[in-house]
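Results of the structural survey
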Amino acid sequence: VIRTFEGVQTGTGHGVHVGEVPIGTTPTDSGYQLKDGTRGGTYTTDMGNGAPSDGSPFARPTDNWGDGLPSNRESAAVDAHFGVAATWDFYKNTFGRAGIRGDGVGASSRVHYGNGYVNAFWDDDCFCMTFGDGDGNTHPLTSVDVAGHEMTHGVTAATANLNYSGESGGLNEATSDILGTMVEFHADLPADTPDYLIGEKIDLHGDGAPLRFMDKPSKDGRSADYWRRGLGGIDVHYSSGVANHFFYLLSEGSGAKTVNGVAYDSPTYDHSTLTGIGRDKAAAIWYRALTAYMTSTTNYAGARTATLHAAEDLYGAGSGEYTAVAAAWSAVNVGTAVPTAPSLTHPGDQVTALGTAVDLLVPTAGGSGTPAYTADHLPDGLALDAATGRITGTPGTTGSTTVTVTATFPSGATASTTFTWAVTDANSPCPSAHLLGNAGFESGAAQPWTATPGTVDTDRGQASHGGSWKAWLDGYGSGHTD
Ligand SMILES: [Zn+2]
């Protein structure tokens, strides 16, 4: 063999949901087939809306697939083929994972499954994705987030293998929603702007509403926003809400927020206000928890522990990411937030005019419980309220002091901050003090002045104005230098 050559092609597809996208194809004697040589050989077949069979890859004479309409059988195939590739790319580029099992083998896709079949599913046995065409065979369930969701079930099966019932079933479903959403963000398609909604493109209910909402899962009318006793007894697609909500809060924080034009408003169980750490870090924490710590029986309490371990591995035990994970779980009623180390905010150096009333609050951050406050070296006339940390009063004396405010928490933990406080008099802006050094020369030397030898003396012939010593500058009515 002198030379071999594998002709990997990039064709152009027009999907129902993905719009115009590049897709991986392979040339044949008579044209091209929907088989991707660059992503583990993944291929897409037509089930013919009939009985289950694996079928053979879509094939056509030119490398231009589908027309964007469900009536063209290639359009849904483009969606599926792209969705599988996008899922492969997300796991490969983000976590270095080669395929669903991590073994470099690409999963295949089967489209046009059944007649009016309103679902899509992952099957570990065929190691393949199957997509129905939806109501009237005109609403294929082939959006990117659905593909990412279903194939993530394969990743879960190959890693934590969470049981598909009880709380672990909810975590299994949530893992697919979380990482399926991340597939959508990674693909970043103009025709499918990334969001924290699940199945917003496939219109399963026929009213344009998504299947699920991550910012406030109960918006679907059934999913749980917060953990509660008995959560494991409800359908896994609804108990997943707690973890979806956790992931949204960890990524984006609480309250109202618009991302890519979609308005969200995420509540918290403990009425805390959270700031997100970003979806990339949140996804890295979830993926590490899934692949390193979760097992088949992990429940919500276990997921909290697993994600805290993951955050510690990735970002450190005392990191902001670690405390953010604890706070986000607390916000969905799973465990409590980790108290952060208390601190006092430096109020800045203070300058106050004599006789002007003062009202200064030195705020604390972190810590748990209400601290007691003390202050050292406050200017005369000012006082600190030990219960609130508020400094009030009217300074009565000019001068400058170095003030230290200390907060002592019930646990014994303390925090303090130090700043200067100058009290000035508008009528006498200079603080009263000796500004000249050795002004009467009574040290017997010129220091800190310098002088010609003999200038500083105690000669009584020209006596000093006060004391014994003087500096006699000579001259006697004519120019002279000393
Ligand atoms: Zn699922």
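Residues numbered from 1 in each chain as written. Predicted model: local features only at pLDDT ≥ 70, side-chain atom pairs only at ≥ 80, totals over all residues. Heavy atoms only, no water.

Pairing within the open sheet is mixed, and its four strands lie in the order β15-β22-β21-β18. Each having just a single partner strand, β15 (350-353) and β18 (372-376) make up the two edges of the open sheet. Sheet twist, expressed as the mean angle between neighbouring strand axes with direction ignored, is 25°. Examined bridge by bridge, β15 and strand β22 (residues 414-424) share four bridges and lie parallel to one another. Of the residues in β22, the one forming a bridge with T352 is V423. (Pairing = 2+ DSSP bridges. Helix = DSSP H or I, 4+ residues; strand = E, 2+ residues; numbered from the N terminus. Axes fitted to C-alpha atoms, helices over the stretch in contact; angles between N-to-C directions.)

This next bit is on the packing of helix α5 (residues 241-252) against helix α6 (residues 279-293). Packed helix pairs are specified by the crossing angle of their axes together with the interaxial distance, meaning the distance between the axes. Taken N-terminus to C-terminus, the directions of α5 and α6 make an angle of 135°; their axes are 7 Å apart at the nearest point. The orientation of α5 with respect to α6, classified from their angle, is oblique. Crossing handedness for the pair α5 and α6: right-handed. On the side of α5, the interface is formed by A243, F246, F247, L250, S251 and E252, while α6 contributes R279, A282, A283 and W286. Residues belonging to the contact of α5 with α6 are distributed by class as follows: seven nonpolar, one polar and two charged. (Parallel < 35°, antiparallel > 145°, perpendicular 65-115°, else oblique. Left-handed = near helix turned anticlockwise from the far one by under 90°. Contact = heavy atoms within 4.5 Å. Nonpolar A, V, L, I, M, F, W, Y, C, P; charged D, E, K, R; others polar.)

The subject of this paragraph is the pattern of salt bridges. In total, this model carries 14 salt bridges according to the counting rule given. Taking the shortest distance from any N to any O, the salt bridge between E321 and K281 comes out at 2.7 Å. Remark: K281 occurs in helix α6 and E321 occurs in helix α8 (residues 320-330); sequence separation between them is 40 residues. The class for E321 is buried, based on a relative accessible area of 15%. Since its relative accessible area comes to 32%, K281 is described here as partly exposed. Among the ionic pairs, R288 bridges to D313, the shortest N-O distance being 2.7 Å. Here R288 is found in helix α6, whereas its partner D313 is found in helix α7 (residues 300-315), with 25 residues between them in sequence. For R288, a relative accessible area of 31% translates into the label partly exposed. (Salt bridge = Lys/Arg side-chain N within 4 Å of Asp/Glu carboxyl O. Buried < 20%, exposed > 50% of the residue type's maximum accessible area, 1.4 Å probe, protein only.)

Now for the coordination of the zinc ion. Taken together, the protein donors to the zinc ion comprise H149 (NE2), H153 (NE2) and E173 (OE), at separations of 2.0 to 2.1 Å. When the donor residues of the zinc ion are listed from N- to C-terminus, their spacing reads H-x3-H-x19-E. Here H149 is found in helix α2 (residues 144-158), whereas its partner E173 is found in helix α3 (residues 166-187), with 24 residues between them in sequence. No difference in accessibility class separates H149 from E173, as the two residues are buried. (Donors = N, O, S within 2.8 Å, 3.2 Å for Na, K, Ca; no water.)

In a soluble, globular protein the nonpolar side chains are often hidden away together inside. With 82 residues, the main nonpolar core has M294 and W329 as its most contacted residues. It is helix α1 (residues 73-95) that provides the largest number of residues to this core, a total of eight residues. Among residues more than four places away in sequence, those in contact with W329 are F246, W286, Y300, A303, R304, T307 and V334. Counting 16 residues, the second-largest nonpolar core is a separate cluster that includes V403, A415, W421 and V423. (Core = buried A, V, L, I, M, F, W, Y, C linked by side-chain atoms within 4.5 Å.)

This next bit is on the environment of Y476. Considering the arrangement of structural elements, one finds Y476 in the segment after β24 (470-471). Taking the C-alpha atoms as reference, Y476 lies 88 Å from L249; in sequence the two are 227 residues apart.

Moving on, we get to the environment of R288. Considering only alpha carbons, one finds R288 and M182, 106 residues apart in sequence, at a separation of 15 Å. Other than its neighbours up to four places away in sequence, R288 contacts Y293, A310, D313 and L314.

Our next topic: the domain arrangement of the protein. On domain assignment, one finds that the protein holds domain 1 (9-266), domain 2 (279-330), domain 3 (343-424) and domain 4 (440-482). Spacing between the C-alpha centres of domain 1 and domain 3 amounts to 57 Å. (Domains from an automatic or database assignment.)

We now examine the pairing of strand β8 (residues 120-123). Regular strands have side chains that alternate between both faces of the sheet. On β8, burial follows the alternation: A120 and W122 on one face are buried, whereas F121 and D123 on the facing-out side are not. With four bridges connecting them, β8 and strand β9 (residues 128-132) associate as antiparallel partners. If you follow D123 over to β9, its bridge partner there is C128. Linking β8 back to β9 in an antiparallel pair, the connection comprises four residues, with F127 at a positive phi of about 50°.

Taking strand neighbours across the sheet as the criterion, the four strands line up as β4-β7-β9-β8 in an open arrangement whose pairing is mixed. A strand with exactly one partner marks an edge of an open sheet, and here the two such strands are β4 (44-46) and β8. Adjacent strand axes in the sheet meet at a mean angle of 20° when their direction is disregarded. Pairing of β4 with strand β7 (residues 108-113), which is carried by three bridges, proceeds in the parallel orientation. The residue bridging T45 from the neighbouring strand is R110, located in β7. Packing against the sheet, α1 makes contact with β4, β7 and β9, and its axis sits at approximately 150° to β7. Against the sheet, α2 engages β8 and β9, with an angle of about 25° to β8.

Attention now moves to the layout of surface pockets. In this structure, the largest pocket spans a volume of roughly 500 Å³. As for the largest pocket, its lining consists of 27 residues, and the residues nearest its centre are N119, L204, L211, R212 and H237. Listing elements by their share of the lining of the largest pocket, those giving two or more residues are β8, α2, β11 (212-213) and α4 (236-239). The element best represented in the lining of the largest pocket is α2, accounting for four residues. A class-by-class count of the residues in the lining of the largest pocket yields 15 nonpolar, five polar and seven charged. (1 Å grid on protein atoms, 1.4 Å probe; cavity = no way out; pocket = protein on both sides within 12 Å on 5 of 7 lines; lining within 4 Å. Points joined across faces, edges and corners; volume = space filled by probe spheres on them.)

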